[in-house]
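The residues making up each chain are set out below.
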Amino acid sequence: KIFQAVVSCIGGDGTIYIVPKSFETALSRLMNEIQSTFKGLGLLIPYCWKKGEACVVRGSDTVWYRGKIVEVSGSTLQVQYIDRGYIESIPQCHLYPTTFYTGVPPFCIPCQLYKTLPIGNFWQQDAVDYLQELLKNEEVEIHVEELPNSPWGKLSISLYFGGISLSSFMAYQKYCVAEDCQDIEKLGLFEGDFSPSYMLQPLPVPGETFPVTVTHLVSPKEVYICLDPSENHTKQSDTKRAASHDSESLGKALKWCNKIVKSLPLLTNFQKELPCLAEYVDGLWYRAKLLSVTQLVPVQILVQFVDYGTYLVAPTSRLRLIPYHLLKYPAQAVRVVLAGFKPTSDDKNVERIPYSPEWSLKALWTMVDCVEGKRLSASILTVSPEVTISLYGDDRNPVHLKLIEMGLAQLDE
């Protein structure tokens, strides 16, 4: 069985506690019921607690949770939150004994990685800390491999985050030995031994109108667009549905990649068009490709972010090897030429775009104002020799009309 779950915590012995997404509604309903039943403080009179006894516990967030006594030692008790998995030392005044809700099984499931042996036969503290930092409160994909021998045992699972097997990843990090690393190649890093490149984004058929966002402008006429996955149309084409799914899956994979990026080696091969991960000015890492070496001492590399079209000159410390599984998603940004207008000799603005001097900088900034943050739609006119589109604003008028009105461009029939 395969299902989505949220990791609630990692136990001190490396046990992975998960709450299936399908349980979330029932758990929320139970929590609301507990809050209405128990109010105020815990039990303030002396009480003889027993190991294994059911209780409710008032957490540090003042919310009541179901609990179970794990260990009794004086006025402080070791209590496990049975719907979350974690264990805390709790003063008796924050507990209340109860037989309510004991007929409802715990919503969280204790799990262990299938056919995975930690180094030293038990999970070392640094490995547990790493698992906690990596997985806590994150949504993951669970593959059930083996049921426990007893109802209180651990479920043997394969766990996937962002398309990566946790067992393979932890083995790659030398925390364990995984017997069944069938996707270790997918976890592997692309170093340029052969030349795969990013797949191209499939486009709607010419003539069809589709929502887009402009992610980068090279000039008023040459821009990069992305199919807009946020638009929820009831009659989406297969292309748009696929693009939306790819964008969502890629976003999750990149989120995970940013969590593990420090474990990925720095780039040492600088061949042109090489896929890699690059750190943008916001401190996050994105998919990119190498374009050229712009400086030798110190080394500076020109890269392009393939999901946006933007460029960056970066030192080698901001470039890392890219995991193979990130290459399966098409590049989200598509370079297009806008139809319907061309530069005009009437534009007397002295400041020109250095690499495209037929256009003034004023024309470029005017076009930025027309498209930035706007709900746009596009229609493909031709795909060869380059993708040419008509681009419309939310008023259904061509976006270049403002440039025509201001004398920064002229109509091109």
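Residues numbered from 1 in each chain as written. Predicted model: local features only at pLDDT ≥ 70, side-chain atom pairs only at ≥ 80, totals over all residues. Heavy atoms only, no water.

1. Things to note about the overall build of the protein
Then, number 1: When helices and strands are tallied, the protein shows seven helices and 29 strands.
Then, number 2: In terms of C-alpha radius of gyration, the protein reaches 28 Å, well past the compact-globule figure of 22 Å for 413 residues.
Then, number 3: Each of the three principal axes of the protein carries a C-alpha extent, and together these read 90 × 50 × 40 Å.
Then, number 4: Within the protein, the proportion of its 413 residues that are buried is 47%.
Then, number 5: Considering only contacts in the protein between residues 6 or more positions apart, those separated by 24 or more positions represent 61%.
Then, number 6: Accessible surface, the protein as shown: approximately 21400 Å² in total, 54% of it carbon and sulfur. (Helix = DSSP H or I, 4+ residues; strand = E, 2+ residues; numbered from the N terminus. Rg over C-alpha atoms; globule rule 2.2 N^0.38 Å. Buried < 20%, exposed > 50% of the residue type's maximum accessible area, 1.4 Å probe, protein only. Contact = heavy atoms within 4.5 Å. Areas by Shrake-Rupley, 256 points an atom, 1.4 Å probe, with all protein chains shown as cover.)

2. Let's talk about the sheet that holds strand S7 (residues 95-97)
Then, number 1: Spatially, the five strands line up as an open sheet ordered S6-S5-S4-S3-S7, and their pairing is antiparallel. With partners counted over all chains shown, the strands left at the sheet margins are strand S6 (87-91) and S7, one partner each. Between one strand axis and the next, the sheet turns by 45° as a mean value, whatever way the strands run. (Pairing = 2+ DSSP bridges. Axes fitted to C-alpha atoms, helices over the stretch in contact; angles between N-to-C directions.)

3. Section: the pairing of strand S2 (residues 16-20)
Then, number 1: For S2, a buried count of five out of five residues is recorded, marking the element as mostly surrounded by other parts of the structure.
Then, number 2: Going residue by residue along S2, you find Ile16, Ile18 and Pro20 tucked away on one face and Tyr17 and Val19 tucked away on the opposite face as well.
Then, number 3: Where strand S1 (residues 2-10) hands over to S2, the hairpin turn is made up of five residues, of which Gly14 adopts a positive phi near 90°.
Then, number 4: Examined bridge by bridge, S2 and strand S8 (residues 109-113) share three bridges and lie antiparallel to one another. Residue pairing in the sheet places Tyr17 in a bridge with Pro110 of S8.

4. Structural notes on helix H2 (residues 125-135)
Quick reminder: α-helices carry 3.6 residues per turn. Residues three or four places apart thus point the same way.
Then, number 1: Along H2, the residues that are buried comprise Ala127, Val128, Tyr130, Leu131, Leu134 and Leu135. Summarising the axial view, the buried residues of H2 lie within an arc of 160°, below the 170-degree limit, and thus occupy one face. Opposite the buried face of H2, at more than 90 degrees from it, the exposed residues are Gln125 and Glu133. (Arc of directions from axis to C-beta.)

5. Comments concerning the UniProt feature "domain: Tudor" (unreviewed entry) in the protein
Then, number 1: Residues given the UniProt feature "domain: Tudor" (unreviewed entry) here are residues 48-105 and 269-329.
Then, number 2: Across residues 48-105 one finds 0% helix and 50% strand; the C-alpha atoms that close the span lie 25 Å apart.
Then, number 3: Structurally, residues 269-329 is divided into 0% helix and 51% strand, and its ends, taken at the C-alpha atoms, are 22 Å apart. (UniProt positions renumbered as here; feature names shortened; annotations may be inferred.)

6. Some remarks on the sheet that holds strand S19 (residues 300-305)
Then, number 1: What the five strands build is an open sheet, ordered S20-S19-S18-S17-S21; its pairing is antiparallel. Lying at the two open borders of the sheet, with one neighbouring strand each, are strand S20 (311-315) and strand S21 (319-320).
Then, number 2: Of the strand pairs in this sheet, strand S17 (residues 275-279) and strand S18 (residues 285-295) are connected by five bridges, and their pairing is antiparallel. Across the sheet, residue Glu279 finds its bridge partner in S18, namely Trp285.

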